[in-house]
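Structural characterization, general
If you want the building blocks of each chain, they are given just below.
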Amino acid sequence: MDDAAIARWRLSHQLLTAPHADSASTVLDTLLAVQAENPSQSAWAVAARTTSPDPSDLGSLLASGDAVRTHVLRPTWHYTARVDIDWLLALTGPRLFKVVDGQLLGDLGLTTQEVGQLADAALGFLTATPDRTREEVTAALRDRLPHLAQRVTGRMVMLLMAHLELRRLAISGRPREGEHTYATYADRVGSGVELEAFDRDAALARLVLRYFTGHGPATVKDLAYWATVTVTDVWRGLDAVRDQLDSFEHDGRTYWHPPGEPPSGPVQPPAHLLQLLDETYRGYQDSRWVLDARGVVPRQRESTIGMALVEAQLVAGMKRTVTPTRVQFELSPHRPLSARELRMLDEAASRYGEFLGLPATCTIA
């Protein structure tokens, strides 16, 4: 087992190589959560893992509420299934809540009373008129709380809504023309488990099993980063489910994965064009760089927002530009690319273009 083999195995468990998932629902069930800051690009993160990429697949789940887009696991957006969001928020929300409220109260200087007033006003607005955009929530807050109108900025509303999401009071609503909206948690999910009755140990065990099944091979530290839980918590959950997982040692780390052998033969498709927020990159921190077995990728802060993978190895940075008539992928190679690798990346661009319904070109910067 080497870095490249681990990376190929991950792509298989993450459904980026055949066999793919039959639907977006299966992707979310397998990965548990998919990071989703940019809705247009993160939609491809889900679709790229399916046999027939179709924007309406994930779109229909978000419209029905079977999938949600909300702050969970880390203080950032994720797609996850409605059936999983309640226990995930109950498990990871308390630590994230401190981060978000630290910004509301510390960075923005709001008082606890003011946050309460803003929260009540936002929930009242969403209860009366669900599926509202951030701009509509902002306008409603300024109208309902004129004494705080000057404090109601875009950043404040984003943090306020995250505050409500982590308290399981608000959640994503039905998208409107592709734009994210908010609704009440009770309307879209339900009342939620009472924290006093929440079985945290059972949730940790479920988290560990689901992560290592959909993201393995991975390390304990990878999961601690991914879900904003402590290493101690990961080991606690792992002790409950280790009989359902296998492990191996490599380069001073222990990697956990579902039982089975790594895939043999070439990966299909052999190349991918993905955002850096994709789970194959952001889903890890401790062992992320199995994607760069040759050590050719600079380790400083990422200078591009996308990446080009060939046979599970990061070979170039990628910038995607979408116009009404075409989509262009501009590559910044980390090493010289062969004619064969360029053909593979052209094929990856074509798949992405077909998903967007646009012709696609792939060029070298």
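Look up a bit, the structure's there.
Since this is a predicted model, take the numbers as computed values, not measurements. (Residues numbered from 1 in each chain as written. Predicted model: local features only at pLDDT ≥ 70, side-chain atom pairs only at ≥ 80, totals over all residues. Heavy atoms only, no water.)

**Concerning the packing of helix α6 (residues 112-128) against helix α7 (residues 134-144)**
At a minimum axis distance of 10 Å, the contact between α6 and α7 shows a crossing angle of 120°. Taken together, the axes of α6 and α7 are oblique relative to one another. The element α6 and its partner α7 pack so that their crossing is right-handed. Where α6 abuts α7, its residues Leu 118, Ala 121, Ala 122, Gly 124, Phe 125 and Leu 126 lie against Glu 136, Val 137, Ala 140, Leu 141 and Arg 144. (Axes fitted to C-alpha atoms, helices over the stretch in contact; angles between N-to-C directions. Helix = DSSP H or I, 4+ residues; strand = E, 2+ residues; numbered from the N terminus. Parallel < 35°, antiparallel > 145°, perpendicular 65-115°, else oblique. Left-handed = near helix turned anticlockwise from the far one by under 90°. Contact = heavy atoms within 4.5 Å.)

**Description of the packing of helix α2 (residues 24-31) against helix α10 (residues 200-215)**
Viewed as axis vectors pointing N to C, α2 and α10 meet at an angle of 120°, and their least axial separation amounts to 7 Å. When the axes of α2 and α10 are compared, the pair comes out oblique. For the pair formed by α2 and α10, the contact residues are Leu 28, Asp 29, Thr 30 and Leu 31 on the first element and Arg 210, Gly 214 and His 215 on the second. Broken down by class, the residue content of the contact of α2 with α10 amounts to 2 nonpolar, 3 polar and 2 charged. (Nonpolar A, V, L, I, M, F, W, Y, C, P; charged D, E, K, R; others polar.)

**Re the packing of aromatic side chains**
All told, the structure shown has 10 aromatic pairs when counted by the stated rule. Note on Tyr 211 and Phe 212: the rings are 5.3 Å apart at their centroids and 70° apart in plane angle, and the pair reads as edge-to-face. For Phe 212, a relative accessible area of 0% puts it in the buried group. Seen in terms of ring centroids, Tyr 211 and Trp 226 are 5.0 Å apart; in terms of plane orientation they differ by 45°. Their pairing is tilted. Separated by 15 residues along the polypeptide, Tyr 211 in helix α10 and Trp 226 in helix α11 (residues 220-227) bring together distant segments of the chain. Residue class for Tyr 211 comes out buried when judged on its relative accessible area of 0%. (Phe/Tyr/Trp six-rings, centres within 6.5 Å; stacked < 30°, edge-to-face > 60°. Buried < 20%, exposed > 50% of the residue type's maximum accessible area, 1.4 Å probe, protein only.)

**A few points about α2**
Every buried residue of α2 is listed here: Ala 24, Val 27, Leu 28 and Leu 31. The buried side chains of α2 occupy one side of the element, clustering within an arc of 95° when seen end-on. Just downstream of α2, Leu 32 is the residue with a positive phi angle, here 75°. (Arc of directions from axis to C-beta.)

**Notes on the side chain of Glu 114**
Within the element layout of this structure, Glu 114 appears in helix α6. In this structure Glu 114 comes out as buried when scored by relative accessible area, which is 17%. Reaching out from Glu 114, the side chain makes a polar contact with the backbone nitrogen of Thr 111 at a distance of 2.9 Å. Setting aside residues up to four positions removed in sequence, Glu 114 forms contacts with Gly 109, Leu 148 and Arg 151. (Polar contact = N/O pair within 3.5 Å; in protein donor to acceptor, adjacent residues only side chain to side chain.)

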